[in-house]
Amino acid sequence: SSTLTLSGGSGGDGHDGDFSGAGTLSLAGTHTFNSTSDVAVSNVAVTSGTTTMNGTYNLAGSSTTLSGGNLTFNAAATLGNLGALSVSSGTLTLNSDEVVSAATLNLSGGTLTGSDVISASGLLTWTGGTMSGSGTTQANGGLTLSGGALTLDGVRTLINAGTGTWTSGSLNLLNSGAVFTNQS
């Protein structure tokens, strides 16, 4: 499969149109995807800069990787599935007013924030970084916690509905509103 890299910026009017197919859409720089855009490629990789999604985004069976920069889904976005989600650096903001699906979630650094509910059907692995905002993170396929200091901030709720494994590190609940619930 091939990779389409958008570096630089989307210009004053943003991106319209469809990005689909078996390849990877790699984003660096400043990009705004307008409400008429549709992203349905196999993989999206955000490596730097600021990307704002206001259109349709659905990567079921694929992957979204944030290794730097900021990726924001606004209320105008129609957010289907993030696929296998990996955040190692940067900030992922989920404010689409929807329940967001991910096949798996791997948070090894950076920040997962926003008001949306994110539901991981497979394993949620958290080894670094911060979950914040007013949303809820649901680990429906189990939860693995390890590493250094993990931070649950704001009024974020983390719910584990599967098997949980905590091998090392600490979970810091900040600002007296963060909640961790282990249902299994």
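Residues numbered from 1 in each chain as written. Predicted model: local features only at pLDDT ≥ 70, side-chain atom pairs only at ≥ 80, totals over all residues. Heavy atoms only, no water.

(A) Focus on the sheet that holds strand β17 (residues 157-160). Taken in spatial order, the 5 strands make up an open sheet running β10-β12-β14-β17-β20, and their pairing is parallel. Each end of this open sheet is capped by a strand with a single partner; those strands are β10 (99-102) and β20 (179-182). Each neighbouring strand pair of the sheet contributes to a mean axis angle of 15°, computed without reference to strand direction. (Pairing = 2+ DSSP bridges. Helix = DSSP H or I, 4+ residues; strand = E, 2+ residues; numbered from the N terminus. Axes fitted to C-alpha atoms, helices over the stretch in contact; angles between N-to-C directions.)

(B) Examining the nonpolar core more closely. Within the largest apolar cluster, 40 residues are counted, with the highest numbers of intra-cluster contacts made by V39, F73 and W126. Not counting residues within four places of it along the chain, the set of residues in contact with V39 comprises F19, L25, F33, V44, M53, T56, Y57, N58 and L59. (Core = buried A, V, L, I, M, F, W, Y, C linked by side-chain atoms within 4.5 Å. Buried < 20%, exposed > 50% of the residue type's maximum accessible area, 1.4 Å probe, protein only. Contact = heavy atoms within 4.5 Å.)

(C) Summary view of unusual backbone geometry. Not every positive phi belongs to a glycine, and D97 is a case in point at roughly 65°. For D97, the location among the structural elements is in the loop between β9 (84-94) and β10.

(D) A look at the side chain of T157. Its place among the elements puts T157 in strand β17. Look at T157 and you get buried, because its relative accessible area is 18%.

(E) Structural detail: the packing of aromatic side chains. Taken as a whole and assessed by the stated rule, the structure comprises 2 aromatic pairs. Here F19 and F33 contribute two aromatic rings whose centre-to-centre distance is 5.4 Å and whose plane-to-plane angle is 75°, an arrangement assigned as edge-to-face. Within this pair, whereas F19 is found in strand β2 (residues 18-27), its partner F33 is found in strand β3 (residues 30-33), the two being separated by 14 residues in sequence. For the pair formed by F19 and F33, the shared burial category is buried. The interplanar angle of 75° and the centroid separation of 4.9 Å between the aromatic rings of Y57 and F73 together place this pair among those described as edge-to-face. A residue pair is termed long-range when its members are at least 10 positions apart, and Y57 in strand β6 (residues 56-57) and F73 in strand β7 (residues 63-73) qualify at 16 residues. (Phe/Tyr/Trp six-rings, centres within 6.5 Å; stacked < 30°, edge-to-face > 60°.)

(F) Spatial organisation of the side chain of S146. With respect to the element layout, S146 can be found in the loop between β15 (143-145) and β16 (149-152). The class of S146 is buried, set by a relative accessible area of 15%. Apart from residues no more than four positions distant in its own chain, S146 is found in contact with W126, T127, T167 and S168.

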